[in-house]
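# Geometric and topological summary
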Amino acid sequence: MIDRNPEQVRAAVAGDVPAVKAVTDAAYQHYIERIGVVPQPMVADHATDVAAGKVFVTGEPVDGLVVIEAFADHLFLDSIAVHPDARGTGVGGRLLRFVEARARALGLGEIRLYTNALMWENQEIYPKYGYEVVERRVDGPYDRIHYRKRLD
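For every chain, the first residue of the written sequence is number 1, and numbering continues from 1 onward in sequence order. It should be noted that, the model being predicted, local features are given only for residues of pLDDT at least 70 and side-chain atom pairs only at 80 or more, the latter also being counted only at that level, while totals for whole chains, interfaces and linings use all residues. With hydrogens and water stripped out, all remaining heavy atoms of the structure feed into the side-chain values.

### A word on the environment of valine 82
Rules: Under the scheme used here, helices are H or I runs from DSSP no shorter than 4 residues and strands are E runs no shorter than 2 residues, and both carry numbers assigned from the N terminus. Should any heavy atoms of two residues lie within 4.5 Å, those residues are counted as being in contact.
Note on placement: valine 82 falls in strand 4 (residues 75-82). Apart from the residues lying within four places of it in its own chain, the contact partners of valine 82 are Val23, Ala27, Asp63, Gly64, Arg87, Val91, Gly92 and Leu95.

Below is the structure:
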């Protein structure tokens, strides 16, 4: 995939929904066998999330995205997806920096997220960006590790 505007992250629009689904599916597909269930981001209602202003994308064509939601005391990073063709090109880091900037712009002092315990790659990535483990909890079929990052 060619990322013609590597630094831009923008709010997704209705026309981006097929790309949001395609990138999410490509990013999470390989986890199905490992975790034994379809990862939640793959079954999310992407059109509703885009319409609600929760989805932000990067790349042209779209090669990465985040789904975020603001709460009174934190910003929740619901999903981050990078197309496999764009892994290792800095897209994920760009998106995580965007999430942090967005939290600061909203006056929120903390970002929260969780990842499946069997997605061990994420357990190496998030601490590198300043996230700390808060707890591990089973939610239905999902064994999740919850993280937070406190912003200064």
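Picking up where we left off.
### Remarks on the pattern of salt bridges
Put simply, the rule reads: Any carboxyl oxygen of Asp or Glu that lies within 4 Å of a side-chain nitrogen of Lys or Arg is treated as forming a salt bridge with it. Note on classification: 1.4 Å probe, protein chains only; a residue is buried when its accessible area is under 20% of the maximum for its type, exposed when over 50%, partly exposed between these limits.
Counted according to the given criterion, the structure contains 14 salt bridges. Of the charged contacts in the structure, one is a salt bridge between glutamate 69 and lysine 54, with a shortest N-O distance of 3.5 Å. Here glutamate 69 is found in strand 3 (residues 64-70), whereas its partner lysine 54 is found in the loop between helix 4 (46-51) and strand 2 (55-58), with 15 residues between them in sequence. Judged by its relative accessible area of 30%, glutamate 69 falls in the partly exposed class. The salt bridge involving aspartate 139 is made with arginine 137; its shortest N-O contact spans 3.4 Å. By relative accessible area, which is 24% here, aspartate 139 ends up partly exposed. Arginine 137 gets classed as partly exposed once you look at its relative accessible area, which sits at 35%. Within this structure, Asp73, Glu110, Arg112 and Arg150 form a network of salt bridges that share partners.

### Some remarks on the nonpolar core
We count it as follows: Buried Ala, Val, Leu, Ile, Met, Phe, Trp, Tyr and Cys residues that are joined via side-chain atoms within 4.5 Å together make up what is termed a nonpolar core.
Among the nonpolar cores identified, the biggest contains 24 residues, and Val66, Ile68, Leu77 and Val99 are the most heavily contacted of them. Where this core is concerned, the elements lending two or more residues are strand 3, strand 4, helix 5 (91-105), strand 5 (110-116) and strand 7 (142-150). With 6 residues, the single largest contributor to this core is helix 5. Ranked by size, the runner-up nonpolar core spans 17 residues in total, among them Tyr31, Ile35, Val55 and Val62.

### So, the pairing of strand 6 (residues 132-139)
The following threshold applies: For two strands to pair, DSSP has to find at least two bridges joining them.
Summarising the sheet, strand 6 and strand 7 pair through 7 bridges and their orientation is antiparallel. Bridge assignment links valine 133 to a residue of strand 7, and that residue is tyrosine 147. Connecting strand 6 to the antiparallel partner strand 7 that follows it, the hairpin turn spans 2 residues, and glycine 140 within it adopts a positive phi of roughly 60°.

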